[in-house]
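# An overview of the molecular structure
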Amino acid sequence: LTVGQEVDVESRTWAGINKPGGHATIIKVHHDEYSSVPTGVDVKYVLGGRELAVELTYVKAHVELNRGSRGRRRNVKVNVGTFGGEQKTTG
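Summarised in this report is the structure supplied together with it. Note that this is a predicted model, so its numbers are computed, not measured. (Residues numbered from 1 in each chain as written. Predicted model: local features only at pLDDT ≥ 70, side-chain atom pairs only at ≥ 80, totals over all residues. Heavy atoms only, no water.)

Counting residues in hydrophobic clusters, the biggest one holds 10 residues: V7, V9, A24, I26, V29, V41, V43, Y45, V54 and V59. Elements with a minimum of two residues in this core: β1 (6–9), β4 (22–31) and β5 (38–45). Among all residues touching V54, those that are not within four sequence positions of it are V9, R12, T39, G40, V41, V43 and V59. (Core = buried A, V, L, I, M, F, W, Y, C linked by side-chain atoms within 4.5 Å. Buried < 20%, exposed > 50% of the residue type's maximum accessible area, 1.4 Å probe, protein only. Helix = DSSP H or I, 4+ residues; strand = E, 2+ residues; numbered from the N terminus. Contact = heavy atoms within 4.5 Å.)

As a further point, take the pattern of salt bridges. A side chain with one charge may pair with a side chain of the opposite charge, provided their charged atoms come close. In this structure the tally under the stated criterion is 2 salt bridges. Among the ionic pairs, R12 bridges to E51, the shortest N-O distance being 2.1 Å. With R12 in strand β2 (residues 12–14) and E51 in strand β6 (residues 50–55), this residue pair connects regions lying 39 residues apart in the sequence. Of the two residues, R12 and E51, neither departs from the other in class, the shared state being buried. Where E51 meets K19, a salt bridge forms, and the shortest distance between an N and an O atom there is 3.9 Å. A residue pair is termed long-range when its members are at least 10 positions apart, and E51 in strand β6 and K19 in strand β3 (residues 17–19) qualify at 32 residues. (Salt bridge = Lys/Arg side-chain N within 4 Å of Asp/Glu carboxyl O.)

With that settled, consider the packing of aromatic side chains. Counted under the stated rule, the structure contains 1 aromatic pair. With a centroid separation of 6.4 Å and an interplanar angle of 40 degrees, the aromatic rings of W14 and Y58 are classed as tilted. Residue W14 is located in strand β2, and its partner Y58 is located in the loop between β6 and β7 (59–61); the two are separated by 44 residues in the primary sequence. Given a relative accessible area of 45%, W14 falls into the partly exposed group. (Phe/Tyr/Trp six-rings, centres within 6.5 Å; stacked < 30°, edge-to-face > 60°.)

In structure tokens, the structure reads:
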């Protein structure tokens, strides 16, 4: 985890705790005094607000979903032969 990285913070709502979580950006990484192991992060939520010293167990990297475009439908012409029927001739 690095400063500026987009993350998803899990909701933490149980008795006495009401932290809804959500999509956020890391603004600071906290490390252990004696080693360089990260212990928590400060985040700023995209929809407003910030939270300090969030434990890493509740933070995961944000994954952008790749959705298809909402393009126009293709105009497909159906051939009678594809359904096994006979083509009628006029005349």
